[in-house]
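Here are the chains, one letter per residue:
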Amino acid sequence: MLYHLLYPLHTTISAFNVFRYITFRTIYASLTAFLICFLFGPWVIRKLSYMQIGQYIRDDGPQSHHQKAGTPTMGGTLIIGSVAGATLLWADLSNVFMWITLLVLLGFGAIGFIDDYLMQVKKHSKGLTARGKLFLQTLLALIAGLLLVLSPDFSTQVTVPFFKNISLNLSWGYVFFAAFVIVGASNAVNLTDGLDGLAIGPTIIAAVTYMIFAYVAGHMKIADYLQINYVALSGEVTVFCGALAGAGLGFLWFNAYPAQIFMGDVGSLSLGASLGTVAVITKQEILLALVGGLFVIEALSVIFQVSFFKMTNGKRIFRMAPLHHHFELKGWPEPKVIVRFWIIAIALALISLSTLKLR
Ligand code: 57M
């Protein structure tokens with residue numbers, strides 16, 4: 001909004017020329033989102049506690065989690081509000097990709113909200129059914145995929161990281177591919193969200209990584225120099241990624257161990273889906289498996305554990321899935337698991353960034 005209001009005045013006040021630059025608007029979008037989260041955090045925590053939206057803790061989980069009972073959840077509403085507010089303030093509102101990313105953020109946030117609301121407010125113990133949740137996620141992701149494919153000049157080619165000469169044109173099949181990436185990312189972040197700061201840390205790391213990819217993909221000269229897909233107009237998604245990282249930091253302030261608030265499904269489903277959408281827009285879809293490798297490892301631990309459990313009538317590979325519970329049950333203190341998982345996420349993000357040169 002500020003871009004539309006202030007940039008046109010640059011002919012009279014030359015300092016307003018700065019609103020033209022994506023880098024400038026990204027920095028301020030992230031600071032704005034951080035401040036919204038940071039300043040409104042205590043109020044949201046008080047409000048949620050007052051409304052008794054406190055986490056119910058399952059009996060079958062690690063013992064250490066019982067002391068977390070009653071921690072306010074649905075903090076994702078704060079993250080979504082900060083990201084949407086900061087993006088609307090700093091992005092170019094005529095940009096189609098910015099709107100599609102916001103649609104996914106808010107849409108998946110709404111699905112998560114319904115789930116949390118049923119569970120926390122209506123005390124409907126399981127929330128939405130797994131099938132109902134997956135149906136709504138798939139529907140929304142297909143709509144986002146369709147909107148992307150219909151966007152002007154959007155390529156339906158899929159490229160493979162590290163191999164610049166391998167690419168596949170999926171044509172209309174790209175809609176399903178995009179939906180798969182978005183829904184997969186959404187659920188993987190949701191599975192990871194089981195320790196204080198465990199999901200938001202790697203989300204910030206992935207948002208910063210995609211902030212760089214979005215800037216590069218949207219800049220014709222840099223994209224050409226690095227020989228990566230140039231995606232016209234995708235540069236504006238940089239502002240969204242900045243807002244995501246900023247809001248993540250603001251939320252982490254309160255979600256850091258010992259957490260004063262959890263994000264709930266409203267947070268985890270929407271953050272994962274947004275990262276999936278950004279990966280699709282920047283044409284770095286497959287690379288998301290590496291950028292968000294930690295989420296993939298957590299999701300795979302569940303898939304292997306559940307399959308093995310069913311095949312062997314109750315035997316397990318890990319002490320408990322998702323993987324973070326395995327390490328907790330091995331005796332690692334919670335903060336150690338969290339920080340070590342963050343370290344892995346940073347290393348994976350650095351390897352992902354190296355694909356800009358290694359190809
Ligand atoms: C939701 N939710 C957390 C919080 C957060 C198929 C199966 C593996 C699915 C999986 C599952 O349901 N995962 C998705 C995980 C929960 O956190 C809430 O949920 C929101 C995210 N959706 O924002 O509102 C608990 O996680 C802890 N937490 C923190 N700090 C945070 O910042 O400590 C969350 C955020 C919170 C809190 O304790 O209550 C969760 O873990 O439930 N199921 C599981 O993860 C279960 N695994 C399992 O049953 N494994 C089995 C196999 C055979 C399926 C096995 O390995 O034997 C575990 N979850 C729990 N207890 N709580 C195991 C038992």
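Our subject is the structure listed above.
Conventions used here
- Residues numbered from 1 in each chain as written.
- Predicted model: local features only at pLDDT ≥ 70, side-chain atom pairs only at ≥ 80, totals over all residues.
- Heavy atoms only, no water.
- Helix = DSSP H or I, 4+ residues; strand = E, 2+ residues; numbered from the N terminus.
- Rg over C-alpha atoms; globule rule 2.2 N^0.38 Å.
- Buried < 20%, exposed > 50% of the residue type's maximum accessible area, 1.4 Å probe, protein only.
- Contact = heavy atoms within 4.5 Å.
- Lys, Arg positive; Asp, Glu negative; His and termini not counted.
- Charge placed at Lys NZ, Arg CZ, Asp CG, Glu CD.
- 1 Å grid on protein atoms, 1.4 Å probe; cavity = no way out; pocket = protein on both sides within 12 Å on 5 of 7 lines; lining within 4 Å.
- Points joined across faces, edges and corners; volume = space filled by probe spheres on them.
- Nonpolar A, V, L, I, M, F, W, Y, C, P; charged D, E, K, R; others polar.
- Near = heavy atom within 4 Å.
- Polar contact = N/O pair within 3.5 Å; in protein donor to acceptor, adjacent residues only side chain to side chain.
- Areas by Shrake-Rupley, 256 points an atom, 1.4 Å probe, with all protein chains shown as cover.
- Phe/Tyr/Trp six-rings, centres within 6.5 Å; stacked < 30°, edge-to-face > 60°.
- Lys NZ or Arg CZ within 6 Å of the ring centre and 35° of its normal.
- Axes fitted to C-alpha atoms, helices over the stretch in contact; angles between N-to-C directions.
- Parallel < 35°, antiparallel > 145°, perpendicular 65-115°, else oblique.
- Salt bridge = Lys/Arg side-chain N within 4 Å of Asp/Glu carboxyl O.
- Left-handed = near helix turned anticlockwise from the far one by under 90°.

K.L.:
Sorry, what's going on with the overall build of the chain here?
P.N.:
When helices and strands are counted, the chain shows 14 helices and 2 strands. Against the globule reference of 21 Å for 359 residues, the chain gives a C-alpha radius of gyration of 20 Å, in line with a compact fold. Taking the principal axes of the C-alpha coordinates as reference, the chain spans close to 65 × 45 × 35 Å. A burial count over the chain gives 51% of its 359 residues as buried. Sequence separation of at least 24 residues holds for 73% of the intrachain contacts in the chain that already meet a minimum separation of 6. Within the chain, the 15 negative side-chain charges are centred at a point lying 4 Å from the centre of the 23 positive side-chain charges.

K.L.:
Before we go on, may I ask you to explain the layout of surface pockets in this structure?
P.N.:
Reported here for the second largest pocket is a volume of approximately 210 Å³. Of all the secondary structure elements, the ones that give two or more residues to the lining of the second largest pocket are α2 (22–50), α3 (76–90) and α4 (96–121). Take the lining of the second largest pocket: its biggest share by element is 4 residues, from α2. When its residues are assigned to classes, the lining of the second largest pocket shows 10 nonpolar, 1 polar and 1 charged.

K.L.:
Explain the site of the ligand to me, please; I cannot follow it from the model alone.
P.N.:
Looking at the ligand, there are 30 residues lining it, with Gln-55, Asn-190, Asp-193, Gly-264 and Asp-265 nearest. Between the ligand and Arg-58, the relevant distance is 3.3 Å, taken from an oxygen atom to a side-chain nitrogen or oxygen of the residue. In the model, a nitrogen atom of the ligand is placed 2.5 Å from a nitrogen or oxygen of the Asp-265 side chain. Contact with the protein chains removes 83% of the 1100 Å² of surface that the ligand exposes when unbound. Of all elements in the fold, only α6 (173–192), α10 (264–281) and α12 (293–311) reach the threshold of two or more residues within the shell around the ligand.

K.L.:
When you look at the packing of aromatic side chains in this model, what are you seeing that I'm missing?
P.N.:
Aromatic rings considered in pairs are described by the distance between their centres and by the relative angle of their planes. For the structure shown, the criterion picks out 17 aromatic pairs. With a centroid separation of 4.9 Å and 40 degrees between ring planes, the pair formed by Phe-24 and Tyr-28 is classed as tilted. Here Phe-24 pairs with Tyr-28, and both are found in helix α2, just 4 residues apart, close to one helical turn. Given the relative accessible area of 21%, Phe-24 is considered partly exposed. Members of the aromatic cluster, each reached through a chain of ring pairs, are Phe-16, Phe-19, Phe-24, Tyr-28 and Trp-90. Above the plane of the ring of Tyr-3 lies Arg-25, whose end atom (NZ or CZ) is 4.7 Å from the centre. In this arrangement the basic side chain of Arg-340 is found over the ring face of Trp-332, its NZ or CZ atom lying 4.8 Å from the centre.

K.L.:
Looking at this structure, I do not really get the packing of α4 against helix α5 (residues 130–150). What am I missing?
P.N.:
Each pair of packed helices gets described by two things: the angle between the helix axes and the distance between those axes. Between α4 and α5, whose axes approach to 10 Å, the crossing angle comes to 175 degrees. Relative to α5, the element α4 is oriented roughly antiparallel. Of α5, the residues touching α4 (which contributes Phe-97, Ile-100, Leu-103, Val-104, Gly-107, Phe-108, Ile-111 and Asp-115) are Lys-133, Leu-136, Gln-137, Leu-140, Ala-141, Ala-144, Leu-147 and Leu-148. By residue class, the composition of the contact of α4 with α5 is 12 nonpolar, 2 polar and 2 charged.

K.L.:
How should the pattern of salt bridges be read in this particular structure?
P.N.:
Side-chain pairs of opposite charge can arise where the charged atoms are in close proximity. On inspection of all chains with the given rule, the structure shows 7 salt bridges. As a salt-bridge pair, Glu-334 and Lys-68 come within 2.8 Å of each other at their nearest N and O atoms. In this pair, Glu-334 is assigned in helix α14 (residues 334–354) and Lys-68 in the loop between α2 and α3, connecting sequence segments 266 residues apart. The exposure classification of Glu-334 matches that of Lys-68, with both residues buried.

K.L.:
Would you mind showing me how to read the packing of helix α7 (residues 200–217) against α10 here?
P.N.:
At a minimum axis separation of 11 Å, α7 and α10 run at an interaxial angle of 20 degrees. Here α7 lies roughly parallel to α10, going by the angle between them. Considering only the axes of α7 and α10, their crossing is left-handed. Only Leu-271, Leu-275, Val-278 and Ala-279 of α10 make contact with α7, whose side of the interface consists of Ile-200, Thr-203, Ala-206, Ala-207 and Tyr-210. Residue composition of the contact of α7 with α10, by class: 8 nonpolar, 1 polar and no charged.

K.L.:
How do you make sense of the environment of Arg-20 when you look at a structure like this?
P.N.:
Along the chain, Arg-20 turns up in the loop between α1 (2–6) and α2. The exposure class of Arg-20 is partly exposed, given its relative accessible area of 41%. Taking C-alpha positions, Arg-20 is 9.3 Å from Asp-92, a pair spaced 72 residues apart along the chain. Setting aside residues no more than four positions away along its own chain, Arg-20 makes contact with Tyr-3, Tyr-7 and Arg-25. Engagement of the side chain of Arg-20 in a polar contact is seen with the side chain of Tyr-21, the distance being 2.7 Å.

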